[in-house]
Amino acid sequence: MKSKKSILINATILIICLAATFYYMFRNQDLAIVWGYIENGQLGYALLGVIFVLIFIMTESVIIWYICHNLGNTPNLIRCFYYSFVGFFFSLITPSASGGQPMQLVFMKKDKIPMHTSSLALLVVTIGYKLVLVIVGAIVLIFRPKALMVYLEPVMFWMYLGMALNVIIIGGMLCLIFFPRFTKKLVMGIFNLIARIINSRRFDTYEHRIEKTADKYAENAEYFMTHKKVIFNVILLSIVQRFALFFVTYLGFACLGVDDANIITIIMLQACISMAVDMLPLPGGLGITEHLFSVVFMPICGAALITPVMVVARGLNFYTQLIICALCTLIGYFVFYSFERKKKK
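Residues numbered from 1 in each chain as written. Predicted model: local features only at pLDDT ≥ 70, side-chain atom pairs only at ≥ 80, totals over all residues. Heavy atoms only, no water.

**Points about helix α6 (residues 115-143)**
- Spanning 29 residues, α6 covers 42 Å between terminal C-alpha atoms, matching the ideal 42 Å at 1.5 Å per step.
- Of all 29 residues making up α6, 21 are buried, and the element is well covered by its neighbours.
- Taken from the residues just after α6, R144 is the one with a positive phi, measuring 45°. (Helix = DSSP H or I, 4+ residues; strand = E, 2+ residues; numbered from the N terminus. Expected span 1.5 Å × (residues − 1). Buried < 20%, exposed > 50% of the residue type's maximum accessible area, 1.4 Å probe, protein only.)

**So, the layout of surface pockets**
- Its volume calculated, the largest pocket comes out at about 810 Å³.
- What lines the largest pocket is a set of 39 residues, and nearest its centre among them are S91, A97, Y129, R242 and D278.
- Tallying contributions element by element places helix α14 (residues 306-344) first for the lining of the largest pocket, with 5 residues.
- Tallied by class, residues from the lining of the largest pocket come to 19 nonpolar, 15 polar and 5 charged. (1 Å grid on protein atoms, 1.4 Å probe; cavity = no way out; pocket = protein on both sides within 12 Å on 5 of 7 lines; lining within 4 Å. Points joined across faces, edges and corners; volume = space filled by probe spheres on them. Nonpolar A, V, L, I, M, F, W, Y, C, P; charged D, E, K, R; others polar.)

**Describing the nonpolar core**
- Core analysis: the biggest nonpolar cluster contains 71 residues, and L152, F253 and F297 have the highest contact counts within it.
- With 11 residues, α14 is the single largest residue contributor to this core.
- Setting aside its immediate chain neighbours within four residues, L152 contacts V140, M159, L269, C272 and V296.
- Y82, M108, I127 and F336 belong to the second largest nonpolar core, which has 29 residues in total. (Core = buried A, V, L, I, M, F, W, Y, C linked by side-chain atoms within 4.5 Å. Contact = heavy atoms within 4.5 Å.)

**Focus on a nonpolar patch on the surface**
- On the surface, L174, F178, F179, F182, L186, I190 and M225 cluster together into a nonpolar patch covering about 650 Å² of accessible area.
- Those elements giving two or more residues to the nonpolar patch turn out to be α8 (156-178) and α9 (180-198).
- Tallying contributions element by element places α9 first for the nonpolar patch, with 3 residues.
- Its place among the elements puts M225 in helix α10 (residues 202-226).
- Residue classification places M225 among the partly exposed positions, given a relative accessible area of 31%. (Patch = residues over 30% accessible without salt bridge, like charges linked within 9 Å, V, L, I, M, F, W, Y side chains within 5 Å. Areas by Shrake-Rupley, 256 points an atom, 1.4 Å probe, with all protein chains shown as cover. Salt bridge = Lys/Arg side-chain N within 4 Å of Asp/Glu carboxyl O.)

**As for unusual backbone geometry**
- For N28, which is not glycine, the phi torsion reads 55° and is therefore positive.
- Counting through the fold element by element, N28 comes out in the loop between α1 (2-26) and α2 (31-39).
- The phi torsion at R144 lies on the positive side, around 45°, for a residue other than glycine.
- One can find R144 in the loop between α6 and α7 (146-152).
- On the basis of relative accessibility, which here comes to 33%, the residue R144 falls in the partly exposed class.

**A word on the state of the cysteines**
- Under the definition given, this model contains 0 disulfides.
- Here C325 is not cross-linked by a disulfide; its sulfur's nearest cysteine counterpart is in C328, at 6.9 Å.
- Under the relative-accessibility criterion, C325 is labelled buried at 0%. (Disulfide = S-S within 2.5 Å.)

**A short note on the packing of helix α3 (residues 43-70) against helix α4 (residues 77-93)**
- At their nearest, the axes of α3 and α4 sit 8 Å apart, and the two run at 125° to each other. In this view, α3 runs oblique relative to α4, as classed from their interaxial angle. In the packing of α3 onto α4, the handedness of the crossing is right-handed. Residues F56, I57, M58, E60, S61, V62, I64 and W65 of α3 form the contact with α4, whose participating residues are L77, C80, F81, Y83, S84, F85 and F88.
- Residues that form the contact of α3 with α4 fall into these classes: 12 nonpolar, 2 polar and 1 charged. (Axes fitted to C-alpha atoms, helices over the stretch in contact; angles between N-to-C directions. Parallel < 35°, antiparallel > 145°, perpendicular 65-115°, else oblique. Left-handed = near helix turned anticlockwise from the far one by under 90°.)

Now the structure itself:
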């Protein structure tokens, strides 16, 4: 019942956010004119955008495989692709992307990947994923390049908020890796407190299992402290992954022939927008992303093209990603789990 209630709540939030976003995007717009611009766009750039969305998704699969391989558990790369589709699908439809990793853990457990390995692997993935945003944000906020600040000045509040939230989250995650023994004590302390409050015999059967998992987690976490090259490679792959999606926004501009679209400027501005909205409690950053997009890119696009460009760029880097991940999640579930279960019977 709780899972059904959670699904209903998330679906309601998503629908409300979608409705509000569409209203914001198309209010006071002539839809025929907007569609006319899109219809005359260059299809090749849009198709290239779809390819880069796939590169974005599948790069995470490679990172997951690489980390698990270094921790002594090498899952099938195809399954890692599936974990990424699952993760991005549930991240896109839940506030603050909160549903992605829990669902990835569920399917990794189904494939008998130990919890201490899968949880640590996904933690490192998240750190690399967010660290790219923090690095970009820090460069912009410290050096304040004029080529970017002229567009970002109206949204600096969101920039500082996004930076602060991401730094706090990354700081907490780094503590889990670099202070694993403290993490174990914290987990066991919370467990024992709950056990005293509830006073159920079931907790006695779980205590040893949780302590064993915490020890294994600590061993794996310490591995990264002595193998910094692995972390370095993960960060490099995360940079490739993130900028593949930022590049999709530029392809949206190119699709509609925006002459003033400088590739580096567009990519860096999109990176700043992503950093600003990344930790906000909205599914896929719906609404606020479109608002910041229109404010930041209006001087480049002009009033006539800002909505068509937003529709194409956002259609590629959010809605296309959502559709691809939803389809692959559904198909993969039947292929990997439903059909395999029937074969075993």
